[in-house]
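Okay, here's what each chain looks like letter by letter:
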Amino acid sequence: MSFHPVIVIETVEEERVEVLLNKAVNDLQMAMFDWSIAQGLVRSQGNIHARWTNEYAPPGTIRPSALENTTEPLDMLKHIQDMSFKAIYLLKDFAKHLDDAAVARQFREIAHQFSLNRSAIVITGDAITLPRDIAHDVVYFPLKLPDQDELYQVISEVTRSLQGRIKVQLQKQDVPPLVRALQGMTLKQAKKVIAYAALEDGALSTQDIGRILQRKAQVIHEEGLLDYISVENNTALLGGFSGLKQWLARAKVGFSPQAQAFNLQPPKGILIVGIQGCGKSLAAKTIAREWKMPLLKLDAGRLYNKYVGESERNFRRAVSLAESMAPAVLWIDEIEKSMGVSDTDADGGLSRRLFGYFLTWLQEKSQEVFVVATANDLSRIPPELLRKGRFDEIFFVDLPDPQERAIILKIHLQARNQSLEHFDLTELVQATDGFSGAEIEQAVITALYRAIYEQQPLDTPMLVTEIKATTPLSISRREDLHQLRAIAQGRFVNVK
Ligand SMILES: Nc1ncnc2c1ncn2[C@@H]1O[C@H](COP(=O)(O)OP(=O)(O)OP(=O)(O)O)[C@@H](O)[C@H]1O
Ligand SMILES: [Mg+2]
């Protein structure tokens, strides 16, 4: 294995990097130093628990002091160049200082020197971009989100540090669900959430799991890339789609221990294409619900939000979060919008690159992350994606048939506390010919508004009036629908 004097770790979790490095230097019998522009260069104490206990330690706890004259990047670099023993230097948020020519020059000299004497520099920070002449001398190390062991550690460390202030009311079997509830958060977030949940009522118990899940949904949403729907909050009710449901029931065994014992790969994912409002999104939610897995929704538009960061990096982060919560369902809604073929290529091939990255990941992923991609516009989907073997299956959603319309009508009437015996379902099914599920739901809602306004109970004639007043997409966009059907015919599996 080759030796790399400069390692870049993109993360906001500096503490975790410190813990990892401290372990490494202990094993390698090396010294370790920390640097930040606020603190200067500090010899690390090698106590990997110091960080955690410090946060709850009484004020005035002694912290190690910095070496003199080492806050300025150039001074610090000169300082470490003169050190004669092997060490690891953790430089926090250092990348931006490399834009300075003198700093960059000094840095490269040290990198060369370190490649001979086997010291190393580790640079951490969120979203790191290095000057090009430095970038190709470094190795990037992806820091995954905390695994179960690390989260377990956090629980025991937080409870230890809060000893006397909280009661721990956890049985042995309560711990795994608690750990699972924390998956997908950084250690810092996890620690805060547990401490908060415990301090709020003076106890850490299974009751806190719901609160932790809620907090996690918030945390993930605030990150800006994914939305998280826990199994507990997933209430999707999908009518019809019996073909898809059957497929899912069979595919589920792919996640079982037996499948694992036979070296079978778990299913990778599916693509669902079809016209608007026919339940594609609802299907994605239903899959997570049926499989009792957390659902993570990737918002295509947000990948390109420059305020959130560069799109490939964003995608990597999203995927890594999903992997940390595996087994999980990753739902990429309207995939053609983030990775599709654009008419203009105005994005400089960005969506193509992202798409390439996605394909590789899909092919090679080892974690149990099941992808559900949905799409409206087949013409914008790169043909490679439709090739056999990319997805386990490609499903086509057509307009609901009479039987499905009956189920959809029932779902939406019941969801709004209407008793079904007041309605002539046969007539309603007939009237909604050519309607999508979304259009059926909308008709029910509008008719109910009207019923309230007219102070009458909703009945069949009122609903029919509303239905007749609607022009469904299947008429206004008949051509698109025909085209989609023609392409899907014989190539994709019908969800029915
Ligand atoms: N099969 C169905 N069963 C029950 N409800 C349905 C069904 N199809 C559609 N609906 C209703 O229509 C709404 C819109 O459906 P959904 O968002 O899943 O459609 P979509 O195919 O993803 O549409 P779009 O292409 O606009 O994203 C749903 O929230 C649901 O209330
Ligand atoms: Mg949708």
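Values in this document were obtained by computation on a predicted structure and should not be read as measured data. (Residues numbered from 1 in each chain as written. Chains lettered and ligands numbered in written order. Predicted model: local features only at pLDDT ≥ 70, side-chain atom pairs only at ≥ 80, totals over all residues. Heavy atoms only, no water.)

Participant: Is there a simple way to explain the packing of aromatic side chains in this structure?
Facilitator: Geometry of an aromatic ring pair is reported as the spacing of the ring centres plus the angle between the planes. This structure, assessed with the given rule, holds 13 aromatic pairs. Note on Phe 33 and Tyr 89: the rings are 5.4 Å apart at their centroids and 15° apart in plane angle, and the pair reads as stacked. Here Phe 33 is found in strand E2 (residues 31–36), whereas its partner Tyr 89 is found in strand E4 (residues 87–92), with 56 residues between them in sequence. Its relative accessible area of 3% is what places Phe 33 among the buried residues. Classification of Tyr 89 by relative accessible area gives buried; the value is 0%. Considering the side-chain rings of Trp 35 and Phe 94, the 5.5 Å spacing of their centres and the 85° angle between planes classify their relative orientation as edge-to-face. (Phe/Tyr/Trp six-rings, centres within 6.5 Å; stacked < 30°, edge-to-face > 60°. Helix = DSSP H or I, 4+ residues; strand = E, 2+ residues; numbered from the N terminus. Buried < 20%, exposed > 50% of the residue type's maximum accessible area, 1.4 Å probe, protein only.)

Participant: How do you make sense of the environment of Leu 130 when you look at a structure like this?
Facilitator: Mapped onto the fold, Leu 130 is located in the loop between strand E5 (120–125) and helix H5 (132–135). Residue classification places Leu 130 among the buried residues on the basis of a relative accessible area of 10%. C-alpha separation for the pair Leu 130 and Gln 363, spaced 233 residues apart in sequence, amounts to 29 Å. If we skip the residues at most four places from it in the chain, Leu 130 touches Val 8, Ala 95, Leu 98, Ala 135, Val 138 and Tyr 140. (Contact = heavy atoms within 4.5 Å.)

Participant: Teacher, can you tell me more about the site of ligand 1 here?
Facilitator: Near ligand 1, the surroundings consist of 20 residues, among which Gly 239, Gly 277, Lys 280, Ser 281 and Glu 441 are the closest. When ligand 1 is considered free in solution it has 630 Å² of accessible area, and contact with the protein chains removes 82% of it. Those elements that provide at least two residues to the shell around ligand 1 are helix H12 (280–291), helix H18 (402–415) and helix H20 (437–453). Across the shell around ligand 1, the residue classes tally to nine nonpolar, eight polar and three charged. (Near = heavy atom within 4 Å. Areas by Shrake-Rupley, 256 points an atom, 1.4 Å probe, with all protein chains shown as cover. Nonpolar A, V, L, I, M, F, W, Y, C, P; charged D, E, K, R; others polar.)

Participant: Could you clarify how one ought to interpret the sheet that holds strand E12 (residues 328–332) in this entry?
Facilitator: In any sheet, the strands associate via hydrogen bonds between backbone groups, in a parallel or an antiparallel arrangement. Reading across the sheet, the seven strands line up as E9-E11-E12-E13-E10-E14-E15 and stay open at both edges, with mixed pairing between neighbours. Whereas interior strands pair on both sides, the edge strands pair on one side only; in this sheet they are strand E9 (226–229) and strand E15 (493–494). For strand E10 (residues 269–274) and strand E13 (residues 369–375), the ladder comprises five bridges, and the chain directions are parallel. Opposite Val 273, over in E13, you have Ala 375 as the bridge partner. Where H12 meets the sheet, its contacts fall on E10, strand E11 (295–298), E12, E13 and strand E14 (393–397), and the angle it forms with E13 comes to roughly 165°. (Pairing = 2+ DSSP bridges. Axes fitted to C-alpha atoms, helices over the stretch in contact; angles between N-to-C directions.)

Participant: Just checking my understanding: could you explain the sheet that holds E2 for this structure?
Facilitator: The sheet built from six strands is open, its strands ordered E3-E2-E4-E5-E1-E6 with mixed pairing. Single-partner strands in this sheet number two, and they are strand E3 (40–43) and strand E6 (139–140). Two strands pair when backbone bridges link them, and E2 and E3 are joined in this way by four bridges, in the antiparallel orientation. Note that in E3 the partner of Trp 35 across the bridge is Leu 41. Strands strand E1 (6–10), E2, E4 and E5 of the sheet are contacted by helix H1 (residues 14–28), whose axis makes an angle of about 175° with E4. Strands E2, E3, E4 and E5 of the sheet are contacted by helix H3 (residues 73–81), whose axis makes an angle of about 35° with E3.

Participant: Looking at this structure, I do not really get the pairing of E4. What am I missing?
Facilitator: Every regular strand shows the same layout, with side chains that alternate between the two sheet faces. A large share of E4 lies buried, amounting to six of its six residues. Side chains Ala 87, Tyr 89 and Leu 91 of E4 all project onto a buried face; the interleaved residues Ile 88, Leu 90 and Lys 92 project onto the opposite face, where all are buried too. Here E4 runs beside E5; their pairing, made up of five bridges, is parallel. From the neighbouring strand, Lys 92 faces E5, where its bridge partner is Thr 124. Where the polypeptide runs from E4 across helix H4 (residues 101–117) and back to E5, its parallel neighbour, the crossover connection is right-handed. (Right-handed = clockwise from strand over helix to strand, strands pointing away.)

Participant: Would you mind showing me how to read the packing of helix H7 (residues 175–182) against helix H9 (residues 208–223) here?
Facilitator: The relative placement of two packed helices is expressed as an angle between their axes plus a distance between the axes. With their axes 9 Å apart at the nearest point, H7 and H9 run at an angle of 15° to one another. As summarised for this structure, H7 and H9 are arranged roughly parallel, according to the angle between their axes. Where H7 crosses over H9, the two elements pack in a sense that is left-handed. Facing Pro 177, Leu 178, Arg 180, Ala 181 and Leu 182 of H7, the residues of H9 in contact are Ile 209, Ile 212, Leu 213 and Lys 216. Looking at the contact of H7 with H9 residue by residue, the class counts come to seven nonpolar, no polar and two charged. (Parallel < 35°, antiparallel > 145°, perpendicular 65-115°, else oblique. Left-handed = near helix turned anticlockwise from the far one by under 90°.)

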